[in-house]
Number of protein chains: 2
Amino acid sequence: MEGRINRIKKQLHAQKYKLTPQREATVRVLLENEQDHLSAEDVYLLVKEKAPEIGLATVYRTLELLTELKVVDKINFGDGVSRYDLRQEGANHFHHHLVCIECGAVDEIQEDLLGDVEKLVERRWHFKVKDHRLTFHGICHRCLEKREAENRQDHENELEHEVEKV
Amino acid sequence: MEGRINRIKKQLHAQKYKLTPQREATVRVLLENEQDHLSAEDVYLLVKEKAPEIGLATVYRTLELLTELKVVDKINFGDGVSRYDLRQEGANHFHHHLVCIECGAVDEIQEDLLGDVEKLVERRWHFKVKDHRLTFHGICHRCLEKREAENRQDHENELEHEVEKV
DNA sequence: CCCGATTTGATAAGGATTATAATTCTTCTG
DNA sequence: CAGAAGAATTATAATCCTTATCAAATCGGG
């Protein structure tokens with residue numbers, strides 16, 4: 001964690017920016033919630049716990065700055081708010097997302113699934129790919145399993161019923 | 001075009017909605033600008049040309065309705081506004097986009113490039129895919145060609161220079 | 001042609017983000 | 001170590017996009 005913060009610090013310095021306490025607190029919140037997809041408001045509330053004097057505008061500015069440095073990616077799942085998602089260190093592609101239309105959960109896929117597709121796009125459409133965004137909408141494994149369990153239950157009840165009737 | 005409007009009309013009726021003149025005018029604008037990615041405001045201004053009395057709220061409501069019916073898809077390219085993109089008729093997947101980071105152009109890929117990837121996701125992550133969003137960010141063929149032309153030009157000038165020097 | 005339900009238009013309200021301006025912090029310099 | 005220039009911060013106002021509200025208009029069935 002400390003190492004990672006130091007490296008971000010260096011990235012900032014390389015562009016003549018400082019790692020102020022507010023910026024550091026914001027980065028820490030992002031690191032501590034790496035799996036989440038926090039909105040600016042979410043980040044603000046979490047940062048406030050460690051640094052109550054911070055202002056909302058500063059959080060917005062910091063997130064913008066981190067986006068510029070490609071430390072985070074700004075994403076949008078269609079609700080009205082932008083969310084900020086930490087990049088894997090050193091990753092040159094943005095990870096993918098699985099959005100559940102039933103429970104709203106957002107899972108991540110770190111692996112790059114698009115290598116071949118990108119090559120195809122570059123060749124066929126003569127388009128130099130620099131980055132991508134890929135999100136699947138569907139039903140997550142938790143909701144699928146819940147459904148299966150319910151179906152099994154229903155089936156068992158049905159059988160019991162049959163037995164009673166005999 | 002008329003046929004397509006009729007089919008949309010039927011889709012509306014199937015859900016007890018009417019194809020009012022305002023809705024029809026909105027759909028026509030979308031059909032006439034099929035390759036574009038219009039914002040609600042854009043649509044509003046275009047509809048106003050044919051039906052000056054229409055209100056902005058109606059356009060928003062109609063676009064929401066069309067999104068619900070999967071006639072259009074609501075997308076977001078990271079600028080602050082939602083854009084509305086007509087689906088291919090009968091397509092069960094949403095087409096992909098190529099966003100140029102140099103000139104801002106947005107091109108479409110109608111082909112489905114994700115068949116195999118979706119199968120993999122379903123198997124490996126146990127996630128039932130219903131839809132997807134795929135956008136590539138990079139440099140479009142027009143900008144690439146412009147660059148190449150410039151490089152050729154530069155190179156020719158260099159050669160001329162060499163000759164002069166001799 | 002009338003009635004109940006739907007849809008509309010104008011505008012207010014809401015929510016997210018950005019701009020502004022005064023203040024505080026840093027860092028540099030002498 | 002004081003003073004000054006510049007960067008960053010805070011609080012808040014302003015802006016922009018979208019949604020909610022509600023009276024008025026419209027539509028389709030009887």
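All residue numbers refer to position in the chain's written sequence, counted from 1. To label them, take the chains in the order written and letter them from A, then take the ligands in the order written and number them from 1. Whole-chain, interface and lining totals are the exception, using all residues; otherwise, since this is a predicted model, local features are given only for residues with pLDDT of at least 70 and side-chain atom pairs are given and counted only at 80 or more. As a rule here, side-chain values cover all heavy atoms of the structure and leave hydrogens and water aside.

Asks: Before we go on, may I ask you to explain the interface of chain A and chain B in this structure?
Replies: The extent of an interface is frequently quoted as the accessible surface area lost upon association of the parts. Here a residue-residue contact requires only that any non-hydrogen atoms of the pair lie within 4.5 Å. Taken together, the contact between chain A and chain B spans 34 residues of the former and 34 residues of the latter. Interface of chain A and chain B: buried area, both sides summed, is about 3000 Å²; carbon and sulfur atoms make up 70% of it. Throughout this description, the term salt bridge denotes a Lys or Arg side-chain nitrogen within 4 Å of a carboxyl oxygen of Asp or Glu. Counting across the interface, chain A meets chain B through 2 salt bridges. Of the charged contacts in the structure, one is a salt bridge between Glu111 of chain B and Arg124 of chain A, with a shortest N-O distance of 2.5 Å. Polar contacts, as used here, are pairs of N or O atoms within 3.5 Å; protein pairs need one atom able to donate a hydrogen and one able to accept it. Residues neighboring in sequence count only if both atoms are side-chain atoms. Seen at the junction of chain A and chain B, the total is 12 residue pairs in polar contact (both at pLDDT 80 or more). Numbering goes from the N terminus for both helices and strands, where a helix is a DSSP run of H or I of at least four residues and a strand is a run of E of at least two. Listing elements by their share of the side of chain A that touches chain B, those giving two or more residues are strand S4 (96-100), helix H5 (115-125), strand S6 (128-139) and helix H6 (141-165) of chain A. Considering each element in turn, the side of chain A that touches chain B owes the most residues, 12 residues, to S6 of chain A. Joining two parts hides part of their accessible area as seen by a 1.4 Å probe, and the buried area is that hidden amount summed over both.

Asks: Even after reading the chapter, I still don't get the sheet that holds strand S1 (residues 38-39) of chain B, so can you show me in this structure?
Replies: The pairing of strands in a sheet happens through backbone hydrogen bonds and is either parallel or antiparallel. Residue and element names in this part refer to chain B. By the convention used here, strands pair only if DSSP detects at least 2 bridges between them. Judged by pairing direction, the sheet is antiparallel, and its 3 strands sit side by side in the order S1-S3-S2 without closing on themselves. Only two strands of the sheet have a single partner each, and these edge strands are S1 and strand S2 (72-76). The pairing of S1 with strand S3 (residues 82-86) spans 2 bridges and is antiparallel. The partner of Leu38 across the bridge, within S3, is Tyr84.

Asks: So what exactly am I meant to see when it comes to the relation of the copies chain A and chain B here?
Replies: One copy of the chain maps onto the other through a rotation about an axis plus a displacement along that axis. The superposition of copies rests on a least-squares fit of C-alpha positions from residues with pLDDT of 70 or more in both. Its rotation angle being 180°, the transformation that places chain A on chain B also includes 0.0 Å of axial translation and leaves an RMSD of 0.1 Å. The transformation just described matches what one would write down for a two-fold rotation axis. Considering only C-alpha atoms, the residue of chain A closest to the rotation axis is Leu134 of chain A, which sits at 2.2 Å. Comparing interface residues between copies, 100% of those in chain A also lie at the interface in chain B; the contact surface is shared.

Asks: In this structure, what is going on with the UniProt feature "binding site: Fe cation" (unreviewed entry) in chain A? I would like to understand it.
Replies: In the numbering adopted here, UniProt assigns the feature "binding site: Fe cation" (unreviewed entry) to His132 of chain A. If you trace the backbone, His132 of chain A turns up in strand S6. Other than its neighbours up to four places away in sequence, His132 of chain A contacts His93, Phe94, His96, Asp112, Leu114 and Glu118 of chain A together with Thr135, Phe136 and His137 of chain B. Polar contacts involving the side chain of His132 of chain A include one to the main-chain carbonyl oxygen of Phe94 of chain A, which spans 3.0 Å. UniProt positions are given in the numbering used here, feature names are shortened, and annotations may be inferred rather than shown by experiment.

Asks: Teacher, can you tell me more about the protein's contact with DNA strand D here?
Replies: Nearness is defined per residue: one heavy atom within 4 Å of the molecule or strand is enough. Near DNA strand D, the surroundings consist of 17 residues, among which Thr20, Gln22, Thr58 and Arg61 of chain A together with Tyr60 of chain B are the closest. Within 4 Å of the protein, atoms of DNA strand D come from sugar and phosphate in 72% of cases. The backbone of Glu53 of chain A places a nitrogen or oxygen atom 3.1 Å from a phosphate oxygen of DNA strand D. One of the side-chain nitrogen or oxygen atoms of Thr58 of chain A is found 2.3 Å away from a phosphate oxygen of DNA strand D.

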